[in-house]
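Spelled out, the chains give:
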Amino acid sequence: MNTRGLRSQLKDSVPVTGLCPQAGPYGVQDSLRRGFSSVKNELLPSHPLELSEKNFQLNQDKMNFNTLRNIQGLHAPLKLQMEYRAARQIQRLPFLPSSNLALDTLRGTDDSIGFQDILNDPVLSEIMGDPHIMTEYKLGVL
Amino acid sequence: IMATVSVCQYHRGGFSFENCKRNALLEADINKLGFSSPAARKTGTTICGVVYKDGVVLGADTRATEGMVVADKNCSKIHYISPNVYCCGAGTAADTEMTTQIISSNLELHSLSTGRLPRVATANRMLKQMLFRYQGYIGAALVLGGVDSTGPQLYSIYPHGSTDKLPYVTMGSGSLAAMAVFEDRYRPNMEEEEAKRLVRDAIAAGIFNDLGSGSNIDLCVITKGKVDYLRPHDVANKKGVRTGNYRYKHGTTDDTTHHTLTCFFPL
C-alpha cells in the first residue's frame, strides 16, 4: 500500500465534495495520472451503489470496532488495529497482486466468498502498472 | 498513459461501475431512435413452498423469459444450498443463480468450520445481509426451505433484503394465483401426499393464469435426512405432436423442368 493512503484513513470515509479529486501532488489537474476530468464525473457518482461499495470494508471495520469497544473496552480495538496495521504492511512488490492472507485471517474473511472474489479478481487482471513508475510512486520519488 | 493512470487506484475486486455513465448515455440515444435496449433474462415465475408434518415441500415452474420471448422452456429454479436446504429463485435469472451459488459456498465453508449440519436460519441471514448490501439492485426474490436440528423452516426473501418466516409462501409473477390456492386449501400438519398435491396445484394455477410462468412443475420434498428432487414432477404443458406428414415419399422422381402458367383472376 502506498504511504499516501494513510492520510485518507484519517478523513471521513465518504467524501462529500468531489468523488475523485483530479488534483495531484501539485494541486492542479493531474492529466498524466488521472486522465481527463469533467465536472459531472466529480460531482455525481455513476451509480447509487458506487460510494457505498467503495467504502464497504472500511465501514464494516468501523462498525465492528465500535461494537468491540462498547463491549470490551478501548484496549480491544486498539490492539486489533495495531495487528491490522502490521498485517497490511505484508505486501509483494507494488506492481504485483498481494494475497493479503494475514489481513484476511484477522478480518475473518478467509472462510467466506463474495462478489469481490468472483468478479474482477485483481489476481486475474490483464493490465499491470509499469514496474518502474509504480515503485517510484511508492517510494515517493516520482 | 494506461499504466500511469492505474498507479493511484488500488485494484479492487467486485462490481465495476466504470461503464454506468456510458450505458446511461447509450440508453438515452437508443430510446431517442425508437429502439429498445436488450432485456435481461428473467424468471417471471411461480415459486412456492409449504411446511407439512415431516418437512418442507418446495415447488417451481420451469419457464425463463427474455422480455416477451420464452428463453428456456425447461430451466431449473430450485437451487441447491446445502444437503438439507434448497432455495427457489424468482427475478433476474443470473442474479438468483449467482446469489444462491455464493451462499451455498459460504454455508459449506461455515459448516466445515463449525462441524455441524448448516441451519436454514444461517442461510437466511447470509442472503438477507447480501441483498440489503446491494439495496435491491440484485433482483433475486427467493423461497428458502429446509430441515435442520430445529425442525422444518420456510423463509421468503425479497430483493431489498426483507425476510418472512411463514408456513406457506409464494413468490414471482404468478404468486397471487398460487397464493389463492394455498389460502383455500392449506391446513397445518398435512401428510406428504396432500402437501405435494397442494404445491402441484398452486404451481399449476400460476402456470395457467400467468404469462410469465409455464412448462413443467418441479417439486423438492425435504425431510430429516432425505431430499426428493422431482424434476419434472408433472408435465403440465406437453408440446403438441404434428398430425400430418408433408414430406415426399422416398424414391419420388424429381421434377427438373418448370412450366409457368399465368392465371387470370378477375377481381
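This structure is a prediction, so every number in the text was calculated from the model and none was measured.

Considerations on the overall build of chain A
Move 1: Looking only at helices and strands, chain A features nine helices and zero strands.
Move 2: Scored against the burial criterion, the 142 residues of chain A give a buried share of 20%.
Move 3: Here the analysis covers contacts within chain A between residues at least 6 apart in sequence; of these, 42% occur between residues at least 24 apart.
Move 4: Accessible surface for chain A amounts to roughly 10,200 Å². Of this, 58% is attributable to carbon and sulfur atoms.

Describing the overall build of chain B
Move 1: What chain B contains, in helices and strands, is six helices and 13 strands.
Move 2: Considered along the principal axes of its C-alpha atoms, chain B spans approximately 85 × 65 × 40 Å.
Move 3: Within chain B, contacts between residues separated by at least 24 positions form 60% of all contacts whose residues are at least 6 apart in sequence.
Move 4: On chain B, roughly 15,800 Å² of surface is accessible, and the fraction owed to carbon and sulfur atoms is 55%.

What about the pairing of strand β9 (residues 151–157) of chain B?
Residue and element names in this part refer to chain B.
Move 1: Most of β9 sits out of view: six of its seven residues are buried.
Move 2: Bridge count for strand β8 (residues 140–148) against β9 is seven bridges, and the pairing is antiparallel. In the strand pairing of β9, Val-147 is matched with Pro-152.
Move 3: Hairpin remark: β8 followed by β9, antiparallel, with two residues in the connecting loop.
Move 4: Across three bridges, the pairing between β9 and strand β10 (residues 163–165) is antiparallel. Looking at β10, one finds that Ile-157 is bridged to Thr-163.

A short note on the environment of Glu-183 of chain B
Residue and element names in this part refer to chain B.
Move 1: Here Glu-183 shows up in helix α5 (residues 175–185).
Move 2: Judged by its relative accessible area of 53%, Glu-183 falls in the exposed class.
Move 3: Along the primary structure Glu-183 and Cys-87 are separated by 96 residues, whereas in three dimensions their C-alpha atoms are 22 Å apart.
Move 4: Side-chain polar atoms of Glu-183 contact the side chain of Tyr-168, separated by 3.1 Å.

Focus: the nonpolar core
All names here are of chain B.
Move 1: Judged by nonpolar contacts, the single largest core of 22 residues is most densely connected at Ile-81 and Leu-144.
Move 2: A total of six residues in this core trace back to one element, the largest contributor, which is helix α4 (residues 120–133).
Move 3: Beyond its immediate stretch of four places on either side in the chain, Ile-81 contacts Tyr-86, Cys-87, Thr-100, Ser-104, Leu-107, Ala-123 and Leu-144.
Move 4: Core analysis: the second largest hydrophobic core is formed by 20 residues, Cys-48, Ala-195, Leu-198 and Ala-202 among them.

Some remarks on the UniProt feature "active site" (unreviewed entry) in chain B
All names here are of chain B.
Move 1: In this structure's numbering, the residues bearing the UniProt feature "active site" (unreviewed entry) are Thr-45.
Move 2: Looking at Thr-45, the relative accessible area reads 0%, which means it is buried.
Move 3: Beyond its immediate chain neighbours, meaning those up to four positions away, Thr-45 contacts Asp-61, Lys-77, Ala-90, Met-171, Gly-172, Ser-173, Gly-174, Asp-210, Gly-212 and Ser-213.
Move 4: Looking at Thr-45, its side chain comes within polar contact range of the side chain of Lys-77, at 3.2 Å.

Side note on the confidence of the model for chain A
Residue and element names in this part refer to chain A.
Move 1: Averaged over every residue, the pLDDT of chain A is 78; the share at 70 or more is 70%.
Move 2: Mean pLDDT across the elements of chain A bottoms out in helix α1 (residues 5–10) (47) and peaks in helix α6 (residues 75–88) (95).
Move 3: In the predicted structure, residues 1–18 sits below a pLDDT of 50 and forms 18 contacts with residues beyond four places in sequence or in another chain.

Rules of the game
Along each chain, the written sequence defines residue order, and numbers are assigned to residues from 1. As a convention, the first chain written is A and the first ligand written is 1, with the rest following in written order. The predicted origin of the model limits local features to residues at a pLDDT of at least 70 and limits the giving and counting of side-chain atom pairs to 80 or more, whereas totals for whole chains, interfaces and linings rest on all residues. To get the side-chain values, all heavy atoms of the structure are used, and hydrogens and water are removed first. The helix count covers DSSP runs of H or I at least four residues long, the strand count covers runs of E at least two residues long, and both are numbered beginning at the N terminus. Relative accessible area decides the class of each residue, using a 1.4 Å probe on protein chains only: under 20% of the type maximum gives buried, over 50% gives exposed, and in between gives partly exposed. Whether two residues are in contact is decided by their heavy atoms: any pair within 4.5 Å suffices. Under the convention used here, a 1.4 Å probe and the Shrake-Rupley method define accessible areas, while residue burial counts only the protein chains that appear. DSSP-based pairing: two strands are paired if at least 2 bridges between them are found. Pairs of N or O atoms within 3.5 Å make up the polar contacts considered here, provided that, within protein, one atom can donate a hydrogen while the other can accept it, and that residues adjacent in sequence are counted only when both atoms are side-chain atoms. As used in this record, nonpolar core signifies buried Ala, Val, Leu, Ile, Met, Phe, Trp, Tyr and Cys residues forming a set joined through side-chain atoms within 4.5 Å. UniProt positions are given in the numbering used here, feature names are shortened, and annotations may be inferred rather than shown by experiment. pLDDT expresses, on a scale from 0 to 100, how confident the predictor is about each individual residue.

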